[in-house]
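The lines below spell out each chain.
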Amino acid sequence: MFGVSASVIGQLWRGATYRHLSRDISSSASGPGTYRGRLQTPERRYAREATFWRQVDITVGAGGCWPFTGPRNKDGYGDYSAGKALIGTRSSHVVAHLLAAGLTEKPPRGTYVRHLCANRVCCNPAHLAIGTQRDNMADRFQRHGNQPGPHPVNDPTPEPEGGWRLATGDPEELELAAWTAEFGQQIDKTGGDQACWPWIGGSKHDFGYGVAYWPDGRHSQAHRIAYLLHHGLTADDLDPETMIRHKCPGGSNPACCNPAHLEPGTQRDNMADRMAEGNYARGDAHFSTKVPDAVIRALREDYWSTPKKARPKLQALAELHGLEDWGTVWRWLHGKSRREAGGPMGEIVTTADMPNALF
């Protein structure tokens, strides 16, 4: 399309060529410091670092080489593809050096992470050192005699104060910790302990409830997850029929995830809460209403104003309105349901029906 190779286009995109031209890299949806478009939490960062170190064999101990067990590039160096988004580089030994030293950016242009052991897949931070291309060549010809490694390292890189940062832990536990932190990241707690904590995540139900996903992919209402996490429960610990009700001081707030405002209960309890607050939508205001209030009001007026012997069968009226159960029509006519539609809900008493003694 552009008359150039894919390699040239890739170099332009990465900024490897024409670096004097401005490029706003801050708009990238992912990269160091972010995760899936959001600010990365410390827990997620730690879990991602642990994923890398699980691919490094450290069984020989502190003095030996720690080979990267993942793929290798054409030059024989470890190729950690996830490192690009994690720390800005795919080179496994560079990733190891940066993570172990607690650094957040790769070395500036013109500097290299050298292998003191001449083992290209080694990720032992004690075998890695920063230097120039001249230093790199000196390692090759003077330190190693132009012989392939691995070689013993007599002058290892000293550990930083506090030791090397090597993220470890059970993968499932680390993922749960990261997910929990990211869930909390989507709740606004700035109002204080007594205020509502609204869900500010990207997904919301039509009725205003936050929507989130458990680590296994199951979706749920955000306030339900907030209640369970606060009480140390999982999705399987609560009966699916149990509702988590909003008991917010200012009235039910569907987006609120403050556990202090949440209580378990039944569907009947939930409906009673809505009725008490006057928030239960009826008739035309209800999302699932199929027969408008005006139609039901006209039905009542026509039915009750028609002489008894001329009134249509309830089953016929049900079929007319697309209903299978004539009982629904009976409840409409007698005001047992849809009272808000208005109109007569029983026999219409006229002056002709009233006793003469009343006049």
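Model, not experiment: these values are computed from the prediction. (Residues numbered from 1 in each chain as written. Predicted model: local features only at pLDDT ≥ 70, side-chain atom pairs only at ≥ 80, totals over all residues. Heavy atoms only, no water.)

Caption draft 1: The arrangement of the overall build of the protein in detail. Helix and strand counts for the protein stand at 11 helices and eight strands. A burial count over the protein gives 32% of its 359 residues as buried. Relative to all contacts within the protein whose residues are 6 or more apart in sequence, the contacts with residues 24 or more apart total 50%. (Helix = DSSP H or I, 4+ residues; strand = E, 2+ residues; numbered from the N terminus. Buried < 20%, exposed > 50% of the residue type's maximum accessible area, 1.4 Å probe, protein only. Contact = heavy atoms within 4.5 Å.)

Caption draft 2: Spotlight on the side chain of His 261. By the secondary structure assignment, His 261 is in the loop between strand E7 (243-246) and strand E8 (262-265). Among residues more than four places away in sequence, those in contact with His 261 are Gln 194, Ala 195, Cys 196, Arg 245, His 246, Lys 247, Cys 248, Pro 249 and Cys 256.

Caption draft 3: Local environment of the nonpolar core. Grouped together as the largest cluster of nonpolar side chains are 23 residues, with contacts concentrated most on Phe 52, Trp 53, Val 56 and Leu 99. Those elements giving two or more residues to this core turn out to be helix H2 (42-53), helix H3 (83-87), helix H4 (92-100) and helix H6 (171-185). Broken down by element, the residue count for this core peaks at six residues, all from H4. Discounting chain neighbours no more than four positions away, the residues touching Val 56 are Trp 66, Pro 67, Phe 68, Thr 69 and Cys 123. Core analysis: the second largest hydrophobic core is formed by 16 residues, Trp 197, Ile 225, Ile 244 and Leu 262 among them. (Core = buried A, V, L, I, M, F, W, Y, C linked by side-chain atoms within 4.5 Å.)

Caption draft 4: Spatial organisation of the environment of Trp 330. Position of Trp 330 among the secondary structure elements: in helix H11 (residues 326-333). Residue classification places Trp 330 among the partly exposed residues on the basis of a relative accessible area of 34%. Residues Trp 330 and Leu 314, 16 residues apart in the sequence, show an inter-C-alpha distance of 7.0 Å.

Caption draft 5: Spatial organisation of the packing of aromatic side chains. Enumeration over the complete set of coordinates arrives at nine aromatic pairs. Judged by centre distance (5.0 Å) and plane angle (65°), the ring pair of Phe 52 and Tyr 80 falls under edge-to-face. Of this pair, Phe 52 sits in helix H2 while Tyr 80 is found in the loop between H2 and H3, placing the two residues 28 residues apart along the sequence. Residue class for Phe 52 comes out buried when judged on its relative accessible area of 0%. (Phe/Tyr/Trp six-rings, centres within 6.5 Å; stacked < 30°, edge-to-face > 60°.)

Caption draft 6: Main features of the packing of H2 against H6. Orientation of H2 relative to H6, taken along the N-to-C sense of each, is 155°, at an axis distance of 8 Å. Classified by the angle their axes make, H2 and H6 are roughly antiparallel. You can see that H2 and H6 cross each other, and the crossing is left-handed. The segment H2 lies against H6, with Glu 43, Arg 44, Tyr 46, Ala 47 and Ala 50 engaging Leu 174, Glu 175, Ala 177, Ala 178, Trp 179, Ala 181 and Glu 182. (Axes fitted to C-alpha atoms, helices over the stretch in contact; angles between N-to-C directions. Parallel < 35°, antiparallel > 145°, perpendicular 65-115°, else oblique. Left-handed = near helix turned anticlockwise from the far one by under 90°.)

Caption draft 7: Local environment of the pattern of salt bridges. Counted according to the given criterion, the structure contains 16 salt bridges. The partner of Asp 75 in a salt bridge is Lys 74, and the shortest N-O contact between them spans 3.7 Å. Where Asp 216 meets Arg 218, a salt bridge forms, and the shortest distance between an N and an O atom there is 2.8 Å. One salt-bridge network, in which partners are shared between bridges, spans Arg 114, Asp 139, Arg 143 and Asp 155. (Salt bridge = Lys/Arg side-chain N within 4 Å of Asp/Glu carboxyl O.)

Caption draft 8: Examining the environment of Asn 154 more closely. Mapped onto the elements, Asn 154 comes out in the loop between helix H5 (133-143) and H6. Looking at Asn 154, the relative accessible area reads 74%, which means it is exposed. Separated by 27 residues in the primary sequence, Asn 154 and His 127 place their C-alpha atoms 9.6 Å from one another.

Caption draft 9: Structural view of H11. Listing the buried residues of H11 in full gives Gly 327, Thr 328, Val 329, Trp 332 and Leu 333. One side-chain oxygen at the N-terminal end of H11 lies 2.9 Å from the backbone nitrogen of Gly 327; it belongs to Asp 325. (Polar contact = N/O pair within 3.5 Å; in protein donor to acceptor, adjacent residues only side chain to side chain.)

Caption draft 10: Representation of H5 within the structure. The N-terminus of H5 is capped by Thr 132, whose side-chain oxygen sits 3.3 Å from the backbone nitrogen of Arg 134. Looking one or two places after H5, you find Gly 145, whose phi comes out positive at around 60°.

Caption draft 11: Structural context of unusual backbone geometry. With an omega dihedral of 5°, the bond running from Gly 149 to Pro 150 counts as a cis peptide bond. Relative to the helices and strands, Pro 150 is located in the loop between H5 and H6. Here Asn 146, not a glycine, exhibits a phi torsion of approximately 60°, which is positive. Classification of Asn 146 by relative accessible area gives partly exposed; the value is 38%. Non-glycine residue Arg 338 carries a positive phi angle of around 60°. Take Arg 338: it is sitting in the segment after H11. Exposure remark for Arg 338: the relative accessible area of 15% places this residue in the buried category.

Caption draft 12: Structural context of the state of the cysteines. Summed over the entire model, instances satisfying the criterion amount to zero disulfides. Among the cysteines around Cys 122, which has no disulfide bond, Cys 117 carries the closest sulfur, lying 3.8 Å off. Free cysteine: Cys 123, not disulfide-bonded; nearest cysteine sulfur from Cys 122 at 6.6 Å. (Disulfide = S-S within 2.5 Å.)

Note that all results are geometric; they support no functional claim without further evidence.
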